[in-house]
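Residue-level structural notes
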Amino acid sequence: MAYTLEQLNAASPAEAAAMLDGLYEHTPWIAAKALEQRPFQSLAHLKHLMAQALSQSSQEAQLALIRAHPELAGKAMVSQSLTAESTHEQGKAGLTDCSPEEFARIQQLNADYNAKFGFPFILAVRGPRGAGLNRAQIIETFARRLDNHPDFERAEALRNIHRIAEIRLADKFGAEPVVGNQVWDWHERLAQHSDPGYAEQGQLTVTYLTDAHRACAVRISQTMRDAGFDEVALDAVGNVVGRYRAAPTAQNPKTLMTGSHYDTVRNGGKYDGRLGIFVPVACVQALHQADRRLPFDIEVIAFAEEEGQRYKATFLGSGALIGDFHAEWLDQTDADDVTLRAAMQHAGLCIDDIPKLKRDPSRYLGFVEVHIEQGPVLNELNLPLGVVTSINGSIRYVGEFIGQASHAGTTPMDRRRDAACAAAELALYLEERAAQDGDSVATMGLLQVPSGSINVVPGRCTFSLDLRAPHDSQRDALAGDVLGKLGQIARQRGVAYKLEETMRASAAPSDASWQTRWENAVQSLGLPAFRMPSGAGHDAMKLHEVMPQAMLFVRGENAGISHNPLESTNADDMELAVRAMQRLLEDLATS
């Protein structure tokens, strides 16, 4: 029979320790340390305290925990000396049924990994949904992580240990994340649709108004209908708009808008944008199942375009709702010379209706968005949720240093006008200057020597600059210093330069009252309200121009990587995101 949180809080120290036995392999002190802080508000609270206990321990204690774990398909499994928990997990992953070739491959990986890191490879083989990774996924992950830096891999091993403990804790307390699993499954089904050329390679790419994109709209629409939305429609730019009506007793109810985008970058991940669609859909489903209405409408919008992958215009979906859609965009062409106008007409969208999509902000309470973090911060802190304080403002430039191409062998070092070295010096300055602010970021993402040769001093070097900060004044100060340094480098090195500003986006600070609602929602789950800026742009940036907005971040796995097939989160974190949004809705309904 499963334990309850009430039993754990009321148990004697010895009884409570027995209830948590086996969470961390042969290492009971972690749970014991957390038990000192009873009562627990939730299982999430307990998990956070155990993660804290380990993070505050010595490196020696952390390594001892890692080394207490058995190798995957190793000697302990063969000799049947694994703990009951490890036996169950390795068996569920099929490691007891390896082919001779798979077994030999894993043994070699074990040997190589131990030789490099000095501890066994740790992987939560039950995976992000808890149903179990297959052997191919395990071997692929094993091989990939062999390339990690030792410090990073030690931290990755500890993160996987926490995930193992999380799943074991759920087993003990019968706390399966049923809603999180459903949200996970919705993502998996939506990811079945991908553009030609990518689908055949098992890659996810959904660009604006392709067949795959339109299939996604159909699937999202059906998911909304199944969840109990009162109205579901496709609008004039391809947004899927679902509305759950307020209680009949509500007088002139306003609307809470939420949602995110369903298009992807090329060869991207399954959760960027889409998590912000399915979390509120799950909230509406719970309201519908409870036959419950709130004193406001809920409008969930799956924005058709945010990434700017097929056409140069971005935020087509959310921009149209604030009246930011320009007729000249219709003449843009994609890589196949198809105009935006033709693509919209082919999709059956009524271009003449686009101006009608503009919302009246006075009819709205605000906009909230849930999004995968797309960065490593929450992952490194072992926190499932983070509250966004501001979406960074940004400026982008494309530029070129122009020096003198000359012979690499005959041009003395003090006679060179090397354009690539000028760009390299600027790149290093970006790194140094952005770090001074703590939360500014600066990137030279494009760097190229046109027609370069191995034996020629570069005469030209093209580059890009991407400068971001949580506040416009901070961003502008960063840009001013970078441009000043660029001019100084050019003068000192005797090179010329060209620079063109290609994009400027204002920062979008979260509305204070809405940010507080997210903070209260997270804290109600027994988690700290960790505040953080968003370095990436989101649909909330557009809605920020006309109504209050605030965002909630969900931890990403694999060091928070995004815009990449390795982008991932887990069903437990998805469940917490749904519960946090439910708390926000309750707070709004009673305020």
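Anything mentioned here points back to the structure above.
Here goes a summary of the coordinates provided.

For the chain, the count of helices and strands is 21 helices and 16 strands. At 26 Å, the chain has a C-alpha radius of gyration in line with the 25 Å of a compact globule built from 591 residues. In terms of principal-axis extent, the alpha carbons of the chain reach across some 75 × 75 × 45 Å. Buried residues in the chain amount to 54% of all 591 residues. Residue pairs at least 24 apart in sequence account for 77% of intrachain contacts in the chain once pairs closer than 6 positions are excluded. Summed over its atoms, the accessible surface of the chain is roughly 25400 Å², and 50% of this surface lies on carbon and sulfur atoms.

Helix H21 (residues 571-590) packs onto helix H11 (residues 178-190) with a crossing angle of 110° between their chain directions and a minimal axis gap of 7 Å. Judged by the angle between their axes, H11 and H21 are roughly perpendicular. Contacts between H11 and H21 involve Val 178, Val 179, Gly 180, Asn 181, Val 183, Trp 184 and His 187 on the former and, on the latter, Ala 571, Met 574, Glu 575 and Val 578. Class assignment of the residues belonging to the contact of H11 with H21 gives a composition of 7 nonpolar, 3 polar and 1 charged.

If you trace the backbone, Ile 351 turns up in the loop between helix H15 (340-346) and strand S5 (364-372). Sequence-wise, Ile 351 and Val 368 are 17 residues apart; in three dimensions their C-alpha atoms are separated by 27 Å. Discounting chain neighbours no more than four positions away, the residues touching Ile 351 are Leu 330, Arg 341, Met 344 and Gln 345.

The subject of this paragraph is the pairing of strand S2 (residues 240-244). Along S2, 5 of the 5 residues are buried, which leaves the element largely enclosed by surrounding structure. Neither face of S2 is left uncovered, since the one carrying Val 240, Gly 242 and Tyr 244 and the one carrying Val 241 and Arg 243 both have all their residues buried. Sheet topology places strand S1 (residues 231-234) next to S2; 4 bridges connect them, and they run antiparallel. Its bridge partner lying in S2, Leu 234 is registered against Val 240. In the sheet, S2 pairs with strand S4 (residues 297-303) via 5 bridges, with the strands oriented antiparallel. Paired with Tyr 244 across the bridge in S4 is Ile 298.

The subject of this paragraph is helix H10 (residues 150-173). One full turn of an α-helix is made of 3.6 residues, so residues set three or four places apart face in the same direction. Its 24 residues give H10 an end-to-end C-alpha distance of 35 Å, which sits within 8% of 34 Å, the value for a rise of 1.5 Å per residue. Counting buried residues along H10, 18 of its 24 residues qualify, which places the element largely inside the surrounding structure.

This paragraph deals with the side chain of Asp 539. Along the polypeptide, Asp 539 turns up in helix H20 (residues 539-543). At 9.0 Å, Lys 542 is the nearest oppositely charged side chain to Asp 539, a buried residue that forms no salt bridge. The contacts of Asp 539, once residues within four sequence positions are left out, are Ser 260, His 261, Phe 303, Glu 306, Phe 315, Ser 318 and Glu 369.

Bringing the nonpolar core into the picture now. Of all hydrophobic cores here, the largest spans 98 residues; its most connected members are Tyr 208, Met 344, Leu 385 and Trp 518. Apart from the residues lying within four places of it in its own chain, the contact partners of Met 344 are Tyr 208, Leu 209, Ala 236, Val 237, Phe 325, Leu 330, Leu 349, Ile 351 and Ile 354. Of all hydrophobic cores here, the second largest spans 51 residues; its members include Met 19, Met 50, Leu 95 and Phe 121.

Right, let's talk about the pattern of salt bridges for a bit. Tallying each qualifying case throughout the model produces 39 salt bridges. A salt bridge links Arg 292 to Glu 586; its shortest N-O distance comes to 2.4 Å. Of this pair, Arg 292 sits in the loop between helix H13 (275-289) and S4 while Glu 586 sits in helix H21, and the two are 294 residues apart along the sequence. With a relative accessible area of 32%, Arg 292 lands in the partly exposed category. Here Glu 586 falls in the partly exposed class, since its relative accessible area comes to 32%.

Time to look at the packing of aromatic side chains. What the rule picks out here adds up to 12 aromatic pairs. Their ring planes at 80° and their centres at 5.8 Å tell us that Tyr 113 and Phe 142 sit as a pair that is edge-to-face. Residue Tyr 113 is located in helix H8 (residues 100-117), and its partner Phe 142 is located in helix H9 (residues 135-145); the two are separated by 29 residues in the primary sequence. Neither Tyr 113 nor Phe 142 differs from the other in exposure class; each is buried.

Moving on to unusual backbone geometry. The omega torsion of the bond from Arg 38 to Pro 39 falls at 5°, within 30 degrees of zero and hence cis. Positive phi outside glycine occurs at Asn 558, with the angle close to 55°. Given the relative accessible area of 25%, Asn 558 is considered partly exposed.

On to the packing of H11 against H13, then. In contact at an axis separation of 10 Å, H11 and H13 are set at 135° when each is read in the N-to-C sense. Comparing the axis directions of H11 and H13 gives the class oblique. Between H11 and H13 lies a crossing whose hand is right-handed. Contacts from Val 179, Gln 182, Val 183, Trp 186, His 187 and Leu 190 in H11 reach Leu 275, Phe 278, Val 281, Ala 282 and Gln 285 in H13. Split into classes, the residues belonging to the contact of H11 with H13 amount to 8 nonpolar, 3 polar and no charged.

Okay, helix H18 (residues 472-493) next. The terminal C-alpha atoms of H18, which comprises 22 residues, lie 31 Å apart, in line with the 32 Å expected from a rise of 1.5 Å per residue. Residues of H18 that are buried include every one of Gln 474, Arg 475, Leu 478, Ala 479, Val 482, Lys 485, Leu 486, Gly 487, Ile 489 and Ala 490, and no others. Those residues of H18 that are buried lie in contact with strand S7 (393-402), helix H17 (419-437), strand S9 (441-443), strand S12 (460-469) and strand S13 (496-505). One or two positions beyond H18, positive phi appears at Gly 494, with a value near 70°.

Procedures and definitions
- Residues numbered from 1 in each chain as written.
- Predicted model: local features only at pLDDT ≥ 70, side-chain atom pairs only at ≥ 80, totals over all residues.
- Heavy atoms only, no water.
- Helix = DSSP H or I, 4+ residues; strand = E, 2+ residues; numbered from the N terminus.
- Rg over C-alpha atoms; globule rule 2.2 N^0.38 Å.
- Buried < 20%, exposed > 50% of the residue type's maximum accessible area, 1.4 Å probe, protein only.
- Contact = heavy atoms within 4.5 Å.
- Areas by Shrake-Rupley, 256 points an atom, 1.4 Å probe, with all protein chains shown as cover.
- Axes fitted to C-alpha atoms, helices over the stretch in contact; angles between N-to-C directions.
- Parallel < 35°, antiparallel > 145°, perpendicular 65-115°, else oblique.
- Nonpolar A, V, L, I, M, F, W, Y, C, P; charged D, E, K, R; others polar.
- Pairing = 2+ DSSP bridges.
- Expected span 1.5 Å × (residues − 1).
- Lys, Arg positive; Asp, Glu negative; His and termini not counted.
- Salt bridge = Lys/Arg side-chain N within 4 Å of Asp/Glu carboxyl O.
- Core = buried A, V, L, I, M, F, W, Y, C linked by side-chain atoms within 4.5 Å.
- Phe/Tyr/Trp six-rings, centres within 6.5 Å; stacked < 30°, edge-to-face > 60°.
- Left-handed = near helix turned anticlockwise from the far one by under 90°.

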